[in-house]
Every structure is written in C-alpha cells, then in structure tokens.
Amino acid sequence: SATKSFTFGSLDVTNPAAVSWFQQIVRCNMLFDRTAECSASAIPANATIGVGGWMSDFGEYLPFDSVVHEGTASYVHNSYPGLWARSNRLAIQ
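Residues numbered from 1 in each chain as written. Predicted model: local features only at pLDDT ≥ 70, side-chain atom pairs only at ≥ 80, totals over all residues. Heavy atoms only, no water.

For the rest of this paragraph, the subject is the overall build of the chain. Helix and strand counts for the chain come out as three helices and zero strands. Starting at the N terminus and walking to the C terminus, you meet the elements of the chain as α-α-α. Sorting the 93 residues of the chain into buried and exposed places 31% on the buried side. Considering only contacts in the chain between residues 6 or more positions apart, those separated by 24 or more positions represent 45%. Split by element, the accessible area of the chain, about 6400 Å² in all, is 57% carbon and sulfur. (Helix = DSSP H or I, 4+ residues; strand = E, 2+ residues; numbered from the N terminus. Buried < 20%, exposed > 50% of the residue type's maximum accessible area, 1.4 Å probe, protein only. Contact = heavy atoms within 4.5 Å. Areas by Shrake-Rupley, 256 points an atom, 1.4 Å probe, with all protein chains shown as cover.)

Glancing now at the environment of Ser87. Considering the arrangement of structural elements, one finds Ser87 in helix H3 (residues 80–91). By relative accessible area, Ser87 is classed as buried at 3%. Sequence spacing of Ser87 and Phe22 is 65 residues, and the spatial spacing of their C-alpha atoms is 8.0 Å. Leave out the neighbours within four places in its chain, and Ser87 touches Val13, Val19, Phe22 and Gln23.

Here the focus is the packing of helix H1 (residues 16–30) against H3. Close contact between H1 and H3 brings their axes to 9 Å; oriented N to C, the two are set at 45 degrees. Between H1 and H3, the angle is such that the two are oblique. Like other packed secondary-structure pairs, H1 and H3 cross with a definite hand, here right-handed. Across the interface between the two elements, Val19, Phe22, Gln23, Val26 and Arg27 from H1 touch Trp84, Ser87, Asn88, Leu90 and Ala91 from H3. Counted by class, the contact of H1 with H3 contains six nonpolar, three polar and one charged residues. (Axes fitted to C-alpha atoms, helices over the stretch in contact; angles between N-to-C directions. Parallel < 35°, antiparallel > 145°, perpendicular 65-115°, else oblique. Left-handed = near helix turned anticlockwise from the far one by under 90°. Nonpolar A, V, L, I, M, F, W, Y, C, P; charged D, E, K, R; others polar.)

Let us look at the nonpolar core. Counting 12 residues, the largest nonpolar core is built from Leu11, Val13, Ala18, Val19, Phe22, Val26, Leu62, Val68, Val76, Tyr80, Trp84 and Ala91. Contributions of two or more residues to this core are made by H1 and H3. In terms of residue count, H1 provides more of this core than any other element does, four residues in total. When near neighbours in sequence (up to four residues on either side) are disregarded, Leu62 contacts Ser10, Val68, Ala73, Val76, His77 and Tyr80. (Core = buried A, V, L, I, M, F, W, Y, C linked by side-chain atoms within 4.5 Å.)

This brings us to the packing of aromatic side chains. In this description, an aromatic ring pair is defined by two values, namely the gap between the centres and the angle between the planes. Throughout the structure, instances matching the rule amount to one aromatic pair. Ring centres of Phe22 and Trp84 lie 5.1 Å apart, and the angle between their planes is 40 degrees; this geometry places the pair in the tilted category. A residue pair is termed long-range when its members are at least 10 positions apart, and Phe22 in helix H1 and Trp84 in helix H3 qualify at 62 residues. Take Phe22 and Trp84: they sit in the same class, and that class is buried. (Phe/Tyr/Trp six-rings, centres within 6.5 Å; stacked < 30°, edge-to-face > 60°.)

Set out below in structure tokens:
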C-alpha cells in the first residue's frame, strides 16, 4: 500500500524465513553481534558496540491488500503489531 507521496514496505512476519532474515540484519548490521552468522563485511573491524536501541516504526499497521505467507492480510491485520514486536524482541535475544 502507498500513496503518491508516501511508499513503504512491511516485513511479512508470518513468513519464518523473512523473520529470520530480518533478525540477521539487526544482529549483524545494528548490534554488531560477532556470534551471529554475519558476512565478514557486515561488521566493521573496529566496531566495539552497535546501537543501543532503535525505533521499530510502522509495526502498528498492515495494509488489508498485503500478501502474507500464512493466512490473509485481513486475518493477520490485528495481530501484526504483536508479531512485529516479537520479531524485534527475538532479534536481540
């Protein structure tokens, strides 16, 4: 979903592969987790700490015309905020 002035994408939190990919992005590119399976170029050699936190904006909304891996967008719509928060939380565990 988008308007002429605003375009965005949403992670399909019903797709385990997409959630896993997102969590790796957070671990490697934001937290600099050297225990995660990151490519050598993902973590700068002199990095000692990643970010201390981030805003996970737009997790409160899933457009009704979305295509999801499991179920339908109208079914997932109300549970999306919790699934999005869970995906973020699991990324830091």
